[in-house]
Amino acid sequence: MLRAITLDYWDTLYQGASEPVRVERRREALFGMVHELGHAIGREEFDRLYLASSEEAMRWWRDEQRGYQTAERIHWLLQQLGIERPDDCAHVAAAVETVDRTLLELPPPFLDGARELLERLSRRYALAIISDTGFASGRAQDLVLRQDGIRGYFTATVYSMDVGHAKPRPEIFHTALGALGVEPHEALHVGDIERTDVAGALAVGMRAVRLDAVRDSGETRAERVARSLGELGDYLLG
């Protein structure tokens, strides 16, 4: 019997495309941080370095399946400039806070039907989020849920940066299952990426549905592909 449903965050509940204004604010904050630390760098050179930090973080996620912290990406950027700062560096802490704050001030929009879906599912199932965090922290993603009035639908929210591992690693799924108090066969995971969401869920013994509301991701091992959140709700509750 299905008792619980876990959901991905980006491109499952919220649009995952980077907001240009949000990216620019973060880039400006890190540019200012570098200058405050006494390193003169031109804007064009810094922009290349910022892009390289994004590509390195993508490699951590894709190749190492690492749940990295916001400060790790910032420290990596500083190290490319030969700047070593302690973990309690006030400049780094301020930059981390800015990265999180921009997510709250320029929040991502819901996918169509997300709020309605959560309301419907919560009447029957225990719900949790399993999310691979990007630059902003899991704490910031949680605050967006609270800001939008939907955090209460979830028994637990599990973020890769807190677990230390990203999907499809089993640790992040097992953490959510433990928080929900269910066995793998009693839970179903919904997400948009075949490699991380579907493969990861199936590997630990969960069921999986893929959501193609943003893009068509091709072949799947999921038991169902839903093209919208409305279609997903009909399938899970029909």
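Preceding block: the structure.
These remarks concern the structure in this document. (Residues numbered from 1 in each chain as written. Predicted model: local features only at pLDDT ≥ 70, side-chain atom pairs only at ≥ 80, totals over all residues. Heavy atoms only, no water.)

One side chain can pair with another of opposite charge once the charged atoms of both are near each other. Tallied over the full model, the rule gives 28 salt bridges. Residue arginine 66 is joined to glutamate 64 by a salt bridge in which the shortest nitrogen-to-oxygen separation is 3.0 Å. Classification of glutamate 64 by relative accessible area gives partly exposed; the value is 33%. The salt bridge partner of aspartate 234 is arginine 120, with a shortest N-O separation of 3.3 Å. (Salt bridge = Lys/Arg side-chain N within 4 Å of Asp/Glu carboxyl O. Buried < 20%, exposed > 50% of the residue type's maximum accessible area, 1.4 Å probe, protein only.)

Here the focus is the environment of tyrosine 50. Among the secondary structure elements, tyrosine 50 is positioned in helix α2 (residues 43-62). If near-sequence neighbours (up to four positions away) are discounted, tyrosine 50 is found in contact with Val23, Arg26, Arg27, Leu30, Arg73, Leu77 and Phe135. (Helix = DSSP H or I, 4+ residues; strand = E, 2+ residues; numbered from the N terminus. Contact = heavy atoms within 4.5 Å.)

Moving on: the pairing of strand β2 (residues 126-131). For β2, a buried count of 5 out of 6 residues is recorded, marking the element as mostly surrounded by other parts of the structure. Looking at chain direction, strand β1 (residues 4-7) and β2 are connected through 4 bridges and run parallel. In the strand pairing of β2, leucine 7 is matched with isoleucine 129. Following the chain from β2 across helix α6 (residues 138-147) to the adjacent parallel strand β3 (residues 156-159), one finds a crossover that is right-handed. (Pairing = 2+ DSSP bridges. Right-handed = clockwise from strand over helix to strand, strands pointing away.)

Counting residues in hydrophobic clusters, the biggest one holds 54 residues, and the most contacted among them are Ile5, Leu7, Leu30, Leu77 and Val190. Considering each element in turn, this core owes the most residues, 5 residues, to α2. In contact with valine 190, not counting residues within four places along its chain, are Ile5, Thr6, Leu7, Asp8, Thr12, Val209, Leu211, Leu232 and Leu236. Judged by nonpolar contacts, the second largest core, of 18 residues, contains Ala4, Ile130, Ala176 and Val204. (Core = buried A, V, L, I, M, F, W, Y, C linked by side-chain atoms within 4.5 Å.)

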